[in-house]
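Listed below are the residues making up each chain.
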Amino acid sequence: MHRFEGKVVLVTGGNRNTGLDLTEKFVREGAKVFMCGSSEESTARGAAALKARGLDGFTAQACDISDASQVAALMDTIEREARRLDILVNNAANQGIGHGGPLEMDPELFWDVLKTNVVGGFRVTQLACNRFFMKQESRGVVVFLSSNTAMRAIRHRTAYCTSKGAINSMVRALALDLAPLGIRVNCCAPGYIYTERWETLDPAKAARRRLNCPLRHEAKGSDIANVVAFLASDDSANMTGEIVTCDAGCSCQHMPEDVDV
Ligand SMILES: NC(=O)c1ccc[n+]([C@@H]2O[C@H](COP(=O)([O-])OP(=O)(O)OC[C@H]3O[C@@H](n4cnc5c(N)ncnc54)[C@H](OP(=O)(O)O)[C@@H]3O)[C@@H](O)[C@H]2O)c1
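Values in this document were obtained by computation on a predicted structure and should not be read as measured data.

Colleague: Can you walk me through the side chain of arginine 184 in this structure?
Modeller: Residue placement: arginine 184 occurs in strand 6 (residues 184-190). Buried arginine 184, no salt bridge; nearest opposite-charge side chain is aspartate 234, N-O distance 5.1 Å. A polar side-chain atom of arginine 184 sits 2.6 Å from the main-chain carbonyl oxygen of serine 236. Dropping the residues within four chain positions of it, arginine 184 is found in contact with Gly140, Val141, Val142, Leu231, Ala232, Ser233, Ser236, Ala237, Met239 and Thr240.

Printed below as a string of structure tokens:
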């Protein structure tokens, strides 16, 4: 028996990198999965990638989660095709890369990051609760993807770090308000994850990043999917409002080994 047999899951940003591995995990464990990228093109590419991995049992529909009408349309599709939703994985993220430092960055770009990562995640969660979880006896589970950068900032990513800190706080606030209603809200906070971006990384830089990790390697998408699946499953039935870090030990060290004094 698969862990998520009969369950319906929505993975936002489930079309590439970590999101693709999240979608794969839930499909392989028996769920019917809905996934979205932000555009028709990126979502179709994701669907093709999943098919190339030998998967079906998923529905792909483009949805820019910063756009209320597109989120409503995605919920309509879930209603029509599955009539329920059990698990929401808020994975989609605007990485806010290339915005420059805080003195020169355009505040509109800052707002774009928050609009997707914080307001978008909230909007999808609110609709999932109102349209599905609150109408179902078995309610539902929400898992957010945050980042260890919520606690330990990285350079020139002010908006991204801010958004991930806000997600951590939002997870605790949502968990508190939704616990009496039977809805759990938890979060996985990854550190380095191997994505397509690593393929263009200077090997010396990749090696240096690995040296930053006490475990000496970044996460694979499947490592993150394992944590998310745990938080989405009954194995974590007594957990809500938790931020579970998965970062190869980065957060527990003061300095990487080569600069330690
Ligand atoms: N990679 C890391 O090292 C790392 C570290 C810590 C935390 N995380 C977190 O882990 C999660 C996955 O990371 P990742 O690196 O795999 O992400 P990624 O490669 O940057 O992919 C982001 C995903 O979010 C989607 N997305 C962006 N804006 C969207 C919008 N407005 N509406 C709908 N979808 C949108 C993208 O869709 P498109 O394809 O359409 O752009 C894409 O599928 C994210 O929450 C990230 O912040 C990642």
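Colleague: Any chance you could explain the environment of phenylalanine 122 here in plain terms?
Modeller: Assignment of secondary structure puts phenylalanine 122 in helix 4 (residues 107-131). Note on phenylalanine 122: relative accessible area 34%, which makes it partly exposed.

Colleague: Sorry, what's going on with helix 7 (residues 221-232) here?
Modeller: For helix 7, spanning 12 residues, the distance from its first C-alpha to its last is 16 Å, which sits close to the expected 16 Å at 1.5 Å a residue. Packing partners of the buried residues in helix 7 comprise helix 1 (17-28), strand 4 (87-90), strand 5 (141-145), strand 6 and strand 7 (243-246).

Colleague: Is there a simple way to explain the nonpolar core in this structure?
Modeller: Within the largest apolar cluster, 32 residues are counted, with the highest numbers of intra-cluster contacts made by Leu10, Met75, Ile78, Leu85, Phe133, Phe144 and Val185. Among all residues touching isoleucine 78, those that are not within four sequence positions of it are Val8, Leu10, Phe34, Arg83, Arg84, Leu85 and Phe132.

Colleague: What should I look at first to understand the sheet that holds strand 5 in this one?
Modeller: Note on sheets: strands pair through backbone hydrogen bonds, and any given pair is parallel or antiparallel. Spatial ordering of the open sheet is given by 3-2-1-4-5-6-7, a layout of seven strands whose pairing is parallel. Edge positions in the sheet fall to strand 3 (58-60) and strand 7, since each of these pairs with one other strand and no more. With direction set aside, neighbouring strand axes in the sheet form an average angle of 15°. Each of strand 4, strand 5, strand 6 and strand 7 is contacted by helix 7, which is oriented at about 165° to strand 6, the strand it contacts most.

Calculation rules
- Residues numbered from 1 in each chain as written.
- Predicted model: local features only at pLDDT ≥ 70, side-chain atom pairs only at ≥ 80, totals over all residues.
- Heavy atoms only, no water.
- Helix = DSSP H or I, 4+ residues; strand = E, 2+ residues; numbered from the N terminus.
- Buried < 20%, exposed > 50% of the residue type's maximum accessible area, 1.4 Å probe, protein only.
- Lys, Arg positive; Asp, Glu negative; His and termini not counted.
- Salt bridge = Lys/Arg side-chain N within 4 Å of Asp/Glu carboxyl O.
- Polar contact = N/O pair within 3.5 Å; in protein donor to acceptor, adjacent residues only side chain to side chain.
- Contact = heavy atoms within 4.5 Å.
- Expected span 1.5 Å × (residues − 1).
- Core = buried A, V, L, I, M, F, W, Y, C linked by side-chain atoms within 4.5 Å.
- Pairing = 2+ DSSP bridges.
- Axes fitted to C-alpha atoms, helices over the stretch in contact; angles between N-to-C directions.

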